[in-house]
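One letter stands for each residue in the lines below.
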Amino acid sequence: MNKIKTAVATLALLATAGLTATPAQAAGKSEDAQICTSKLGFSGGSFYCGGAYGDGESPWPLQSGDWVDFVIGLDHAVWFRTTNHAEWISLGGYFTGKVTFSKKLNDLNFTINALGSDGKTTWSRDRTHKGFVTPWYVKG
């Protein structure tokens, strides 16, 4: 019984660690970029900037007055966080360029895009009022 309790406690700890991760915790290398931190008032976490990453941050305004900031973390995944949410959330993937937006319907319905690992293919993911509703896909 103690082994089960220990296993459950370990899983809970690992799950919590995943929720409080920052883009910098899975550090990798990118030859054409620098490492930056937020200039928009988002504290914690590092991400790529310079070269294809531009200034590194892709902010999205919300009607509430809050902002969502999208970056490419040091693990090359897309990460985001809002001004009213303290933790970074990973959307996964492996990207080599700044996050851009398309299908800008309103503050909750838009598509994010980023250049994939081959440096040629743009990958996209759709967001609605229900959250990110698609996996990463390549536009037809």
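Below you will find a few notes about this structure. (Residues numbered from 1 in each chain as written. Predicted model: local features only at pLDDT ≥ 70, side-chain atom pairs only at ≥ 80, totals over all residues. Heavy atoms only, no water.)

Attention shifts here to the sheet that holds strand 5 (residues 78-82). One open sheet accounts for four strands, arranged 3-4-5-6; its pairing is antiparallel. Because the sheet does not close on itself, it has two edges, and the strands there are strand 3 (58-61) and strand 6 (89-92). Across this sheet, the average inter-strand angle for adjacent strands is 25°, counted without regard to direction. Examined bridge by bridge, strand 4 (residues 67-72) and strand 5 share five bridges and lie antiparallel to one another. Directly across from D69, in strand 5, lies its bridge partner R81. (Pairing = 2+ DSSP bridges. Helix = DSSP H or I, 4+ residues; strand = E, 2+ residues; numbered from the N terminus. Axes fitted to C-alpha atoms, helices over the stretch in contact; angles between N-to-C directions.)

Before going further, it helps to examine the state of the cysteines. Two cysteines form a disulfide when their sulfur atoms are joined by a covalent bond. This model, assessed by the stated rule, comprises one disulfide. Across the disulfide, C36 is cross-linked to C49 (sulfur-sulfur distance 1.7 Å). As the torsion about the S-S bond is roughly 65°, the C36-C49 disulfide counts as right-handed. Linking C36 in strand 1 (residues 34-36) with C49 in strand 2 (residues 47-49), this pair joins segments that are 13 residues apart in sequence. You'll find C36 and C49 in the same group, each marked buried. (Disulfide = S-S within 2.5 Å. Buried < 20%, exposed > 50% of the residue type's maximum accessible area, 1.4 Å probe, protein only.)

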